[in-house]
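Structure at a glance
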Amino acid sequence: MHHQKHTIIDYVWRTVRHSKAMGKAFFVTPFFLFLVLPMLTLWVYFQSLGQYGTTTQGEHDIFLLYQHTIPFFSIYWPLLAKKNLWEQPGSEVFHACHDPLNIRDEVVYFLMYSSLMLLFFLFLSLWFDWAILEGLRLVCINFFLFSLQRFLFALLGSAVICFILCFLLCTQFQMWYRAFPNWMLYYPLTSYDQLKGYLVFILVALLLEGLRYCLPIAHTRGKFPV
């Protein structure tokens, strides 16, 4: 069977099609990163300044805020695309005529989000010395979440349930501290060497990808893409 080779332009158009299918919900991620999060940052920063007379506590609260919110949005686009494509009426008919969302498409969304996130932290580095290191650290955590949502979707077949489980993982972190002790930090990293400790997130992510292909479940055979 002959497989058609896709160019970069093909993947760009595929991403555009999948993004248009999301509708206005596609813009939730950039809206959060470049409007909601900066406003929350300023609010926390000046609230601390007014309450404590110093910005130290505010900077610490901002650091914690990013750890709770930013990783979750790394899986928003892939899960939303899968919900639109696989859980809507007539999805089987749609995919008889169109290419399904596959891992390459999901990787594009992950890279898009990572680029926007790093841009945000680059801008943030004008005020906070720890911003670049924190951005790179969160990329490792985001990659773990990215693979986790793919594994959960193959296992459960529901984007909504995956949303809920990943949301709980990101926000109710105290429940998972022993399993992921390096996820939530109370103080930022101070050197690039410390990033080596986050390679475990990448390794676990790759392990989840391997396990996903071994799942003896109908969701991973035929109906759901690789």
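Just so we're clear, the structure is a prediction, and the values are computed from it rather than from any experiment.

**Some remarks on the pattern of salt bridges**
Summed over all chains, the structure comprises three salt bridges. The salt bridge partner of Glu209 is Arg150, with a shortest N-O separation of 2.7 Å. Taken as a pair, Glu209 in helix H9 (residues 199-212) and Arg150 in helix H7 (residues 131-156) lie far apart in primary sequence, 59 residues in all. Through salt bridges that share partners, Glu106, Arg150 and Glu209 make up one connected network.

**Topic: the layout of surface pockets**
By volume, the second largest pocket amounts to about 300 Å³. Taken together, Phe34, Pro38, Thr41, Leu42, Tyr45, Phe120, Phe123, Leu124, Trp127 and Phe128 make up the full set of residues lining the second largest pocket. Mapped by element, the contributors of at least two residues to the lining of the second largest pocket are helix H2 (28-52) and helix H6 (103-124). If one sorts the elements of the lining of the second largest pocket by residue count, H2 sits on top with five residues. Looking at the lining of the second largest pocket, its residues break down into nine nonpolar, one polar and no charged.

**What to know about H7**
The first and last C-alpha atoms of H7 sit 36 Å apart over 26 residues, in line with the 38 Å expected at 1.5 Å per residue. Burial of H7 is extensive: 20 of the 26 residues sit out of reach of the surface.

**Let's talk about the nonpolar core**
Membership of the largest hydrophobic core comes to 55 residues, with the highest contact counts inside it found for Tyr66, Ile70 and Phe121. Broken down by element, this core gets its largest block of residues, 12 residues, from H7. Apart from the residues lying within four places of it in its own chain, the contact partners of Ile70 are Leu37, Tyr113, Met117, Phe120, Phe121, Leu138 and Asn142.

Conventions used here
Residues numbered from 1 in each chain as written. Predicted model: local features only at pLDDT ≥ 70, side-chain atom pairs only at ≥ 80, totals over all residues. Heavy atoms only, no water. Salt bridge = Lys/Arg side-chain N within 4 Å of Asp/Glu carboxyl O. Helix = DSSP H or I, 4+ residues; strand = E, 2+ residues; numbered from the N terminus. 1 Å grid on protein atoms, 1.4 Å probe; cavity = no way out; pocket = protein on both sides within 12 Å on 5 of 7 lines; lining within 4 Å. Points joined across faces, edges and corners; volume = space filled by probe spheres on them. Nonpolar A, V, L, I, M, F, W, Y, C, P; charged D, E, K, R; others polar. Expected span 1.5 Å × (residues − 1). Buried < 20%, exposed > 50% of the residue type's maximum accessible area, 1.4 Å probe, protein only. Core = buried A, V, L, I, M, F, W, Y, C linked by side-chain atoms within 4.5 Å. Contact = heavy atoms within 4.5 Å.

Scope: geometric values only; no functional claims are made or implied.
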